[in-house]
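Listed below, chain by chain, are the residues.
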Amino acid sequence: MLKKIVAVFAMTIILSSLFSAMGGKAEAASYHTKAISVAKANLGVPYRWGGISPRGFDCSGLVKYSYGKAGKVLPRTASDMFYKQGKRVSSLQVGDLMFFAPNKASKPTHVAIYIGNGKMIQAASSKGVSITYTNNVYWKPRFIGAKRI
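Residues numbered from 1 in each chain as written. Predicted model: local features only at pLDDT ≥ 70, side-chain atom pairs only at ≥ 80, totals over all residues. Heavy atoms only, no water.

1. Thoughts on the overall build of the protein
Thinking step 1. When you go through the protein residue by residue, the secondary structure sums to 3 helices and 8 strands.
Thinking step 2. Once local pairs closer than 6 in sequence are excluded, the contacts in the protein between residues at least 24 apart make up 51%.
Thinking step 3. Of the roughly 8800 Å² of accessible surface on the protein, 61% is carried by carbon and sulfur atoms. (Helix = DSSP H or I, 4+ residues; strand = E, 2+ residues; numbered from the N terminus. Contact = heavy atoms within 4.5 Å. Areas by Shrake-Rupley, 256 points an atom, 1.4 Å probe, with all protein chains shown as cover.)

2. Concerning helix α2 (residues 59-69)
Thinking step 1. Turning to α2, its buried residues number three or more, namely Cys59, Ser60, Gly61, Leu62, Val63, Ser66 and Tyr67.
Thinking step 2. Just past α2, the residue glycine 71 takes up positive phi, approximately 100°. (Buried < 20%, exposed > 50% of the residue type's maximum accessible area, 1.4 Å probe, protein only.)

3. Notes on the packing of aromatic side chains
Thinking step 1. This structure, assessed with the given rule, holds 7 aromatic pairs.
Thinking step 2. When the centroid spacing of 6.3 Å and the interplanar angle of 70° are considered together, the rings of tyrosine 31 and tyrosine 67 count as edge-to-face. Residue tyrosine 31 is found in helix α1 (residues 2-41), and its partner tyrosine 67 is found in helix α2; the two are separated by 36 residues along the sequence. An identical accessibility class is assigned to tyrosine 31 and tyrosine 67; each is buried.
Thinking step 3. Geometrically, the ring pair formed by phenylalanine 82 and phenylalanine 99 is edge-to-face, given 5.1 Å between the ring centres and 65° between the ring planes. (Phe/Tyr/Trp six-rings, centres within 6.5 Å; stacked < 30°, edge-to-face > 60°.)

4. Description of the pairing of strand β7 (residues 128-133)
Thinking step 1. The sheet contact formed by strand β6 (residues 119-124) and β7 spans 6 bridges and is antiparallel. Paired with lysine 119 across the strands is tyrosine 133, a residue of β7.
Thinking step 2. In this structure, the hairpin formed by β6 and β7 is closed by a connection of 3 residues. (Pairing = 2+ DSSP bridges.)

5. Looking at the sheet that holds strand β4 (residues 97-100)
Thinking step 1. Taken in spatial order, the 6 strands make up an open sheet running β3-β8-β4-β5-β6-β7, and their pairing is antiparallel. Among the strands making up the open sheet, the edge pair consists of β3 (87-89) and β7. Averaged over all pairs of adjacent strands, the angle between their axes in this sheet comes to 35°, without regard to strand direction.
Thinking step 2. Judged from the 3 bridges that link them, β3 and strand β8 (residues 143-148) form a sheet pairing that is antiparallel. When the sheet's bridge partners are listed, lysine 87 is paired in β8 with arginine 148.
Thinking step 3. Contacts between α2 and the sheet are confined to β4, β5 (110-116), β6 and β7, with β5 contributing the most and set at about 50° to the helix. (Axes fitted to C-alpha atoms, helices over the stretch in contact; angles between N-to-C directions.)

6. Things to note about the side chain of asparagine 42
Thinking step 1. By the secondary structure assignment, asparagine 42 is in the loop between α1 and β1 (52-53).
Thinking step 2. Its relative accessible area of 7% is what places asparagine 42 among the buried residues.
Thinking step 3. Reaching out from asparagine 42, the side chain makes a polar contact with the backbone oxygen of valine 38 at a distance of 2.8 Å.
Thinking step 4. Other than its neighbours up to four places away in sequence, asparagine 42 contacts Pro54, Phe57, Tyr65 and Val129. (Polar contact = N/O pair within 3.5 Å; in protein donor to acceptor, adjacent residues only side chain to side chain.)

7. Some words on the nonpolar core
Thinking step 1. One finds Val63, Tyr67, Leu97, Val111 and Ile113 to be the most contacted residues of the largest nonpolar core, which totals 26 residues.
Thinking step 2. Excluding anything up to four places from it in sequence, isoleucine 113 contacts Ile36, Ala39, Val63, Ser66, Tyr67, Gly95, Asp96, Leu97, Lys119, Met120 and Ile121.
Thinking step 3. If you look at the next biggest cluster of nonpolar residues, it comprises 6 residues, including Met98, Phe100, Ala112 and Met120. (Core = buried A, V, L, I, M, F, W, Y, C linked by side-chain atoms within 4.5 Å.)

8. Describing the pattern of salt bridges
Thinking step 1. A complete count under the given rule lists 3 salt bridges for this structure.
Thinking step 2. A salt bridge links aspartate 80 to lysine 84, with the nearest nitrogen and oxygen atoms 3.6 Å apart. Placement of both aspartate 80 and lysine 84 in helix α3 (residues 78-84) is noted, with a separation of 4 residues, approximately one turn of the helix.
Thinking step 3. Overall, aspartate 80 belongs to the partly exposed group, its relative accessible area being 27%. (Salt bridge = Lys/Arg side-chain N within 4 Å of Asp/Glu carboxyl O.)

As far as function goes, none of this settles anything; it's purely spatial.
Quick look at the structure:
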């Protein structure tokens, strides 16, 4: 009888720790999904240098606003997001932040959110909030790294 009680207790602990670990991943997926939904809801919003609202966004303003609505506080600039936030990754997942610079030796001047299938959402000075391919001839050579929040 005591062995059965101990076995049930051990199984309960194992299962609860397993579900706790999965809960963290579900939460991460949830805020990434929410941030992307917020960004997509702002498609077509014009670019505005220093903009951090649906009246106009710059690149980091869109990312900060979108993740803020999802419950994550991010720094204001692309450079600060790159140097002070998240974990550097080499393989992109949905919700990762992608950073770009004029050349590989420069600090980041642009940030976008990876939305999967080789696409990213961004606030670009030429098109405002828009979706483009990550292998775009303009952005691909300027890519300097990605971070997972």
